[in-house]
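Tertiary structure, described
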Amino acid sequence: MEKKGRKRKEIKRKLLHKYRLVILNESTFEEKISFKLSRLNVFITGTLFIIVLIALTTLLIAFTPLREYIPGYSSTRLKKQATELTYRTDSLVNVLEYTNRYLQNIRMVLRGDVENNEINRDSLFEQFKIDPSTVDLTPIREDSILRAQVALEDKYNLFQRNVNGRSPVLFSPVSGVVSHDYDPKKKHFAVDIVAEKDAPVKAVANGTVIFSEWTVETGYVIIMEHEEGLISVYKHNGSISKAQGDIVKAGEVIASVGNTGELTTGPHLHFELWNNGSPVNPSDYIDFK
């Protein structure tokens, strides 16, 4: 026990024993600075210095851009920018694909390049035919009650609207005589209306001008986009009064009758209607008489 006690006293004495650190002038041996130190003080001071140094280094790495230069660390800002660029790239690809399809449809309208694919409707509905004799058409009690209830509600409904589907009402673009009818077999997807030169050409419905330029074959051309996927085309105009992007109301003057372009033999309006990318007969929508 005495030996252990002596060892403890010896260790304590060594830790607490005072030492003096003196800095002298090498030439004159003049004392400049002196410090009283002990082993315990040096150990505690060194430990605190190391802890503070580690804490400062951690703070610099965690809250400053210096961490980007350490292998294994990545920048949150760069990750966010990369994610945003990925989403933007995907959106731009979708917009580009939509624009390309849109421009392709406009080219088809200008060239009149449409494939005539004839489909036998009877063959499409053949597989869905049902023998009426095998179907029980006797109304059930619940159906009769529901029909009577609906009929009673409709009888006194003051706000009932007509929701039956109907063809859009279009104005005649110009007054004149139809000289050439719609003929898809000859790839004439329009009606030619003979009218006086410089007569006003009007918009058939509310819409937006999506093309207003000069072409070699068809002269001054205006193309308008309307609701429900309807597009109207006006070719061989003598002049145009609307530019691309203009919003036009039905009956508003957009051009004048002319004889421009190579594919014309006199003053007339070449008028086309396209529904969801397919040509339709304008005479089914407009009375040109």
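Please read all numbers here as calculations on a predicted model, not as lab measurements. (Residues numbered from 1 in each chain as written. Predicted model: local features only at pLDDT ≥ 70, side-chain atom pairs only at ≥ 80, totals over all residues. Heavy atoms only, no water.)

1. Quick notes on the overall build of the chain
Under the convention used in this document: Helix numbering and strand numbering both begin at the N terminus, where a helix is a DSSP run of H or I of at least 4 residues and a strand a DSSP run of E of at least 2. Whether a residue is buried, partly exposed or exposed follows from its accessible area with a 1.4 Å probe, protein chains only, as a fraction of its type maximum: under 20%, in between, or over 50%, in that order. Note on contacts: a residue pair is in contact if any heavy atoms of the two residues lie within 4.5 Å. To be clear on the numbers: accessible area is Shrake-Rupley with a 1.4 Å probe, and residue cover counts the displayed protein chains and nothing else.
On a plain count of helices and strands, the chain comes out with five helices and 12 strands. Evaluated residue by residue, the chain yields a buried proportion of 23% over its 289 residues. Sequence-distant contacts, at least 24 apart, represent 54% of the contacts inside the chain between residues at least 6 apart. Per element, the accessible surface of the chain, about 22500 Å² overall, is 57% carbon and sulfur.

2. Describing the side chain of S256
Rules: Any N or O atom pair separated by 3.5 Å or less is treated as a polar contact, with the protein-specific requirement of one donor-capable and one acceptor-capable atom, and with residues adjacent in sequence counted only for side-chain atom pairs.
Mapped onto the secondary structure, S256 falls in strand β10 (residues 253-257). At a separation of 2.7 Å, a polar atom in the side chain of S256 contacts the side chain of S239. Setting aside its immediate chain neighbours within four residues, S256 contacts D198, A199, V201, N237, G238 and S239.

3. A few points about the pattern of salt bridges
Our working definition: The salt bridge definition used is simple: a Lys or Arg side-chain nitrogen within 4 Å of an Asp or Glu carboxyl oxygen.
For the structure shown, the criterion picks out two salt bridges. Where K235 meets E272, a salt bridge forms, and the shortest distance between an N and an O atom there is 3.2 Å. Taken together, the positions of K235 in strand β8 (residues 230-240) and E272 in strand β11 (residues 268-275) put the pair 37 residues apart, joining distant regions of the chain. For the pair K235 and E272, a shared accessibility class is recorded, and that class is buried. K242 is paired through a salt bridge with E252; the nearest N and O atoms lie 2.6 Å apart. In this pair, K242 sits in the loop between β8 and β9 (247-248) while E252 sits in the loop between β9 and β10, placing the two residues 10 residues apart along the sequence.

4. Some details on a nonpolar patch on the surface
Rules: The residues that make up patches have over 30% relative accessible area and no salt bridge, and they are joined within 9 Å when like-charged or within 5 Å when they are Val, Leu, Ile, Met, Phe, Trp or Tyr.
A cluster of nonpolar side chains, Y19, L21, I23, I33, F35, L37 and V42, forms an exposed patch at the surface whose accessible area comes to about 590 Å². Of all the elements in the fold, those that place two or more residues in the nonpolar patch are β1 (18-24) and β2 (31-38). On the basis of relative accessibility, which here comes to 31%, the residue L37 falls in the partly exposed class.

5. Notes on the nonpolar core
Put simply, the rule is: Side-chain atoms within 4.5 Å are what join buried Ala, Val, Leu, Ile, Met, Phe, Trp, Tyr and Cys residues into a set we call a nonpolar core.
M224, Y234, I254 and F271 are the most contacted members of the largest nonpolar core, which has 27 residues in total. For this core, the elements supplying multiple residues, two or more each, are β4 (191-194), β7 (219-225), β8, β10 and β11. Apart from residues lying up to four places away in sequence, F271 is in contact with P173, A190, V191, V204, S232, V233, Y234, P282, I286 and F288. Ranked by size, the runner-up nonpolar core spans nine residues in total, among them F211, V221, I223 and W274.

6. Quick word on the packing of aromatic side chains
Remark: the centre distance and the inter-plane angle together describe each pair of aromatic rings, the angle taken between the planes. Short version of the rule: When the centres of two rings from Phe, Tyr and Trp lie within 6.5 Å, Trp using its six-membered ring, the rings pair. Their planes under 30 degrees apart give stacked, over 60 give edge-to-face, and anything left gives tilted.
Using the criterion set out here, one finds five aromatic pairs in the structure. On the numbers, 5.3 Å between centres and 55° between planes, the contact of Y234 with F271 is tilted. In this pair, Y234 is assigned in strand β8 and F271 in strand β11, connecting sequence segments 37 residues apart. Take Y234 and F271: they sit in the same class, and that class is buried. What links up through ring pairs into an aromatic cluster is the set Y182, F189 and W274.

7. What about the confidence of the model for the chain?
Condition: Per-residue confidence from the predictor is reported as pLDDT, which spans 0 to 100.
With 81% of its residues at a pLDDT of at least 70, the chain reaches an overall mean of 81. Across the chain, β10 holds the top mean pLDDT of 95, while helix α4 (residues 121-126) sits lowest at 56. In this model residues 156-165 is a low-confidence stretch, pLDDT under 50, and it forms one contact with partners more than four residues away in sequence or in other chains.

8. A word on the environment of E228
With respect to the secondary-structure elements, E228 resides in the loop between β7 and β8. Classification of E228 by relative accessible area gives exposed; the value is 67%. What E228 contacts, discounting residues up to four positions off in sequence, is N275 and N276.

9. Focus on the side chain of H188
One can find H188 in the loop between β3 (177-180) and β4. In this structure the side chain of H188 is engaged in a polar contact, spanning 3.2 Å, whose partner is the backbone oxygen of D181. The contacts of H188, once residues within four sequence positions are left out, are H180, D181, Y182, D183 and H270.

10. Topic: the pairing of β1
Convention followed: The criterion for strand pairing is that DSSP finds at least two bridges linking the strands in question.
Relative to β2, β1 runs antiparallel, the two sharing seven bridges. Note on β2: the bridge partner recorded for L24 is E31. Between the end of β1 and the start of β2, which pair antiparallel, lie six residues, with F29 showing a positive phi angle near 60°.

11. Side note on helix α1 (residues 2-16)
Using the following cut-off: Expected span of a helix, by definition, is 1.5 Å for each gap between consecutive residues, and there is one gap fewer than residues.
Here α1 is 15 residues long and its end C-alpha atoms lie 21 Å apart, about the 21 Å a rise of 1.5 Å per residue gives. Little of α1 is tucked away: zero of the 15 residues are buried.

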